[in-house]
Amino acid sequence: MTAPEKKQAFVLLELMNHMLLIAREAKRRGFHVIALNHGPLQDQGPFAVPDGVVDEVVPVASWSDAEHVGKLVDAVHTAHDVVGTYAAFEPTLRFEAELRARAGLPTSGPDAVGRALDKAHVRRELYAGELSTLRSVSLTEALTWETWEFERPAVLKPANGTGSALCFMVGSLEELRAAADQAASGAVVNPMMKDYILAHGEFVLEERAEGELLSVESLVDRGEVHVVGLTGRYVSALDPVVEQGLVFPYPHPRRAEIEAVTREFHAALGIVHGPTHLEVMVPDEGPIELIDFNVRTAGLAMVVCMGNAFGIDYARPLTDLACGTAPDLAFLGHPVRASADLLLLPPPEATEMREIVFPEGTEYGRHMKAIGQPLSGRADQLDVVGMVIVTADTVAELHDAALAVRRNTLFDGRPLGDNPNNQLLFPRFHHSATLA
């Protein structure tokens, strides 16, 4: 008796947020769409998953249980002809690489992905290869210091981190010990993020780079790095560690140098396939430092922003890469608009969100806190109550529109206005630049 033909399956690992756009594109191509998910599929907001997009949901008890997840990956591979995979959440990326290797799809491989996710390894590798001037040590070693041994302030962060959680700026032993105490408490609201960060256990202390923090978005096709563009940041004027918006594209006078060193970073870490999102620190002159190497596309809803900028459905080249098909990259270098994904903090001392209303002319507005959920009254990375996308024909118009949206969003019936939590530091070259 002939065995039934296996379905061509497209597998998403922890389908959430912009991954819906990839799932829709995979479904449009006629694939059997499978979601390996710990959390439920989103049923509210602009990334709610409609009926008929996902054909099969495979429950994942915990992404920290490698043996359990490995069995699920084996079962999916055995039962289906896996023709594509997509993941965008750090705890899932190594498992995705394993599935791609099993399915014969282009991949950097689980070992290279695992090393790229280890921030301590990345810093050591780049420092040894003279691609970084920043020294680093483990938190365990740093806590044995009797005096501050770096020549500059440093950043304490999880060796395996995600979402900028549990990152601290320190410049003395007293500040280091206080940050270590906070890190030990693991004060991360999202349980999946917390499990991933604490599963590794170790933190790394690395010298702080000086300059402007921006991101490099790339599509890597079997060893060839195609830089899609640069992303600039709005940050809180009260605390520059707190991101308040991402803008794309971001013209920068050192773009050619940034692109060149980006390719060197990929080669040094052995990342040869898939989307990547690198955070780099760019001074006016001198070495460009890698701050974080993300083996995934940019988060939040930047997939929408990049599509808006180029006037395309950006899910298509991402799905091509996911399926091992050379993407059509004719759009590169020709942005037609500018787009930003804005993060909104509540007013000072707000303890509860009852309502948030985004202004007309925006898109993909989404609640980041449940109605009625208690708020801390602080203004840190975990206090974001809403996100919304704004797009304009020019970079200068986008800058003006972004500030207007922040002022005019209604929180509990009142505009956010110019409250202290809404004060921003701008990307240096954004509001006065052109798209080219």
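Here, every reference points to the structure presented above.
Examining the packing of helix 5 (residues 119-128) against helix 9 (residues 255-269)
Here helix 5 crosses helix 9 at 110 degrees, and the two axes come no closer than 10 Å. In terms of orientation, helix 5 lies roughly perpendicular with respect to helix 9. For the pair helix 5 and helix 9, the sense of crossing is right-handed. Of the residues in helix 9, those touching helix 5 at Val122, Glu125 and Leu126 are Phe265, Ala268 and Leu269.

Notes on the pairing of strand 9 (residues 212-221)
Among the 10 residues that make up strand 9, 9 are buried, leaving the element largely enclosed by the rest of the structure. The pairing of strand 9 with strand 12 (residues 274-282) spans 9 bridges and is classified as antiparallel. Directly across from Glu212, in strand 12, lies its bridge partner Val282. Sheet analysis places strand 9 next to strand 10 (residues 224-236), joined by 7 bridges and oriented antiparallel.

A few points about helix 1 (residues 19-28)
With 7 of 10 residues buried, helix 1 lies mostly within the body of the structure. Taken together, the buried positions of helix 1 are Met19, Leu20, Leu21, Ile22, Ala23, Glu25 and Ala26. Buried positions along helix 1 lie against strand 1 (8-13), strand 2 (32-37), strand 4 (81-87), helix 10 (302-310), helix 11 (315-322) and strand 16 (363-367). Two residues or fewer after helix 1 comes Gly30, characterised by a positive phi angle close to 90 degrees.

Section: the sheet that holds strand 1
On the basis of which strands lie adjacent, the open sheet formed by 4 strands has the order 3-2-1-4 and parallel pairing. At either margin of the open sheet sits one strand with a lone partner, and together these are strand 3 (56-59) and strand 4. Each adjacent strand pair in this sheet contributes to an overall mean axis angle of 25 degrees, direction not counted. Summarising the sheet, strand 1 and strand 2 pair through 5 bridges and their orientation is parallel. When the bridges of strand 2 are listed, Phe10 appears paired with Val33. Sheet strands touched by helix 3 (residues 90-103): strand 1 and strand 4. Its angle to strand 4, the strand with the most contacts, is close to 160 degrees.

Describing the nonpolar core
Val11, Leu36, Ile258, Phe265, Val280, Leu290 and Phe293 are the most contacted members of the largest nonpolar core, which totals 45 residues. Other than its neighbours up to four places away in sequence, Leu290 contacts Val122, Arg123, Leu126, Phe265, Leu278, Glu279 and Val280. Leu20, Ala301, Tyr314 and Ile389 belong to the second largest nonpolar core, which has 42 residues in total.

As for the pattern of salt bridges
Enumeration over the complete set of coordinates arrives at 26 salt bridges. Between Asp74 and Arg102 there is a salt bridge, with its nearest N and O atoms 2.3 Å apart. Pair noted here: Asp74 is in helix 2 (residues 66-79) and Arg102 is in helix 3, with a separation of 28 residues, a long-range link. Assessed through its relative accessible area of 33%, Asp74 is described here as partly exposed. Residue Asp111 pairs with Arg94 through a salt bridge whose shortest N-O separation is 2.9 Å. One end of the pair, Asp111, is in helix 4 (residues 110-117); the other, Arg94, is in helix 3, with 17 residues separating them in the sequence.

Quick look at helix 11
Burial analysis of helix 11 places 7 of its 8 residues in the buried class, which makes it a mostly covered element. Among the residues of helix 11, those classed as buried are Ala315, Pro317, Leu318, Thr319, Asp320, Leu321 and Ala322. One or two steps after helix 11, the chain reaches Gly324, where phi turns positive at roughly 75 degrees.

Some details on the pairing of strand 10
Buried residues dominate strand 10, accounting for 12 of its 13 residues. Connecting the antiparallel pair strand 9 and strand 10 is a turn made up of 2 residues, with Arg222 showing a positive phi of about 45 degrees. Strand direction decides the pairing type here: strand 10 and strand 11 (residues 243-248), joined by 4 bridges, are antiparallel. Bridging from a neighbouring strand, Val235 pairs with Glu243 of strand 11. Remark: 6 residues form the turn of the hairpin made by strand 10 and strand 11, two consecutive strands paired antiparallel. Sheet analysis places strand 10 next to strand 20 (residues 424-425), joined by 2 bridges and oriented antiparallel.

So, the environment of Ser376
The residue Ser376 is located in the loop between strand 16 and strand 17 (386-392) in this model. For the pair Ser376 and Ala48, spaced 328 residues apart in sequence, the C-alpha to C-alpha distance is 27 Å. Residues in contact with Ser376, not counting those within four places in the same chain, are Ala350 and Asp383.

Description of the packing of helix 1 against helix 11
The geometry of helix 1 relative to helix 11 is characterised by a closest axis approach of 9 Å and an angle of 70 degrees between their N-to-C directions. In terms of orientation, helix 1 lies roughly perpendicular with respect to helix 11. As for how helix 1 packs across helix 11, the hand of that crossing is right-handed. Listed contacts from helix 11 to Leu21, Ile22, Glu25, Ala26 and Arg28 of helix 1 are Ala315, Arg316, Leu318 and Thr319.

Parameters and conventions
Residues numbered from 1 in each chain as written. Predicted model: local features only at pLDDT ≥ 70, side-chain atom pairs only at ≥ 80, totals over all residues. Heavy atoms only, no water. Axes fitted to C-alpha atoms, helices over the stretch in contact; angles between N-to-C directions. Helix = DSSP H or I, 4+ residues; strand = E, 2+ residues; numbered from the N terminus. Parallel < 35°, antiparallel > 145°, perpendicular 65-115°, else oblique. Left-handed = near helix turned anticlockwise from the far one by under 90°. Contact = heavy atoms within 4.5 Å. Buried < 20%, exposed > 50% of the residue type's maximum accessible area, 1.4 Å probe, protein only. Pairing = 2+ DSSP bridges. Core = buried A, V, L, I, M, F, W, Y, C linked by side-chain atoms within 4.5 Å. Salt bridge = Lys/Arg side-chain N within 4 Å of Asp/Glu carboxyl O.

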